[in-house]
Amino acid sequence: QVLVVESGGGLVQPGGSLRLSCEASGMIFSINAMSWYRQAPGNQRELVAEIANDGTTNYADSAKGRFTISRDKTENTAYLAMNSLKPEDTAVYYCNVDGLRVVRAPELDAFNAWGQGTLVTVSS
């Protein structure tokens, strides 16, 4: 089983910054990609940013120029640095991890795991 835990959310004023963390643990053999999604009340969950194993990144238009995704491969951890936050960034932010896990060595199985989410509120 793979466990994904997000942290770093909170209340911040417009124009402020936050840094979210996502840590994956368990019988992980390799990670293909780590992604951040968000879901605001009444809205569908949407992709914010993703980072592939080779370091390639992809951002939603709303995140470009303000958010930066990064990854520490040694710790199976991803970060989302968010700057110039706006009220419309208010949402629950979820981390998604896609990769391979060890079922019973040397047997591997694909996995896709979500965290429980961390709330970001941008308000004065």
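Residues numbered from 1 in each chain as written. Predicted model: local features only at pLDDT ≥ 70, side-chain atom pairs only at ≥ 80, totals over all residues. Heavy atoms only, no water.

A look at the state of the cysteines
Inspection of the entire model under this criterion finds 1 disulfide. Covalently, C22 is tied to C95 through a disulfide, its sulfur atoms 2.0 Å apart. Here the disulfide of C22 and C95 is left-handed, its torsion about the S-S bond being about -75°. Here C22, found in strand β3 (residues 18–26), pairs with C95, found in strand β9 (residues 91–104); they are 73 residues apart in sequence, far enough to count as distant. When sorted by exposure, C22 lands in the same class as C95, which is buried. (Disulfide = S-S within 2.5 Å. Helix = DSSP H or I, 4+ residues; strand = E, 2+ residues; numbered from the N terminus. Buried < 20%, exposed > 50% of the residue type's maximum accessible area, 1.4 Å probe, protein only.)

Regarding the environment of N96
Along the polypeptide, N96 turns up in strand β9. When the C-alpha atoms of N96 and N112 are compared, they prove to be 7.0 Å apart, with 16 residues separating the residues in sequence. When sequence neighbours within four positions are dropped, the list of residues in contact with N96 reads A33, M34, S35, Y37, N112, A113 and W114. A polar atom in the side chain of N96 sits 2.7 Å from the side chain of N112. (Contact = heavy atoms within 4.5 Å. Polar contact = N/O pair within 3.5 Å; in protein donor to acceptor, adjacent residues only side chain to side chain.)

Describing the sheet that holds β3
In spatial order, the strands read β1-β3-β8-β7; together these 4 strands make up an open sheet with antiparallel pairing. In this open sheet, the two edge strands, each paired with only one partner strand, are β1 (2–7) and β7 (67–72). Across the sheet, the mean angle from the axis of one strand to that of its neighbour is 15°, orientation sign disregarded. The sheet contact formed by β1 and β3 spans 6 bridges and is antiparallel. Looking at β3, one finds that V4 is bridged to A24. (Pairing = 2+ DSSP bridges. Axes fitted to C-alpha atoms, helices over the stretch in contact; angles between N-to-C directions.)

Observations regarding the nonpolar core
One finds W36, L80, M82, Y93 and V97 to be the most contacted residues of the largest nonpolar core, which totals 31 residues. Look past the residues within four positions of L80 in its chain and what remains in contact with it is L18, R19, L20, W36, V48, A49, F67, T68, I69 and Y93. (Core = buried A, V, L, I, M, F, W, Y, C linked by side-chain atoms within 4.5 Å.)

Some words on the side chain of E6
Within the secondary structure layout, E6 lies in strand β1. Buried and without a salt bridge, E6 has R45 as its closest oppositely charged side chain, separated by 7.3 Å. Reaching out from E6, the side chain makes a polar contact with the backbone nitrogen of Q116 at a distance of 3.0 Å. (Lys, Arg positive; Asp, Glu negative; His and termini not counted. Salt bridge = Lys/Arg side-chain N within 4 Å of Asp/Glu carboxyl O.)

Considering the environment of T77
Along the chain, the position of T77 falls in strand β8 (residues 77–82). On a C-alpha basis, the gap between T77 and V122 in space is 24 Å, while along the polypeptide they are 45 residues apart. In this view, T77 contacts C22, E23, M34, S70, R71 and D72; residues no more than four positions away in its chain are not counted. At 2.9 Å, the side chain of T77 and the backbone oxygen of E75 are in polar contact.

Quick word on the packing of aromatic side chains
Each aromatic ring pair is described using two quantities: the centre-to-centre distance and the angle formed by the ring planes. Overall, the coordinates contain 1 aromatic pair when judged by the stated rule. The positively charged end of R19 is found above the aromatic ring belonging to Y79, 3.9 Å away from the centroid. In this arrangement the basic side chain of R45 is found over the ring face of W114, its NZ or CZ atom lying 4.7 Å from the centre. (Phe/Tyr/Trp six-rings, centres within 6.5 Å; stacked < 30°, edge-to-face > 60°. Lys NZ or Arg CZ within 6 Å of the ring centre and 35° of its normal.)

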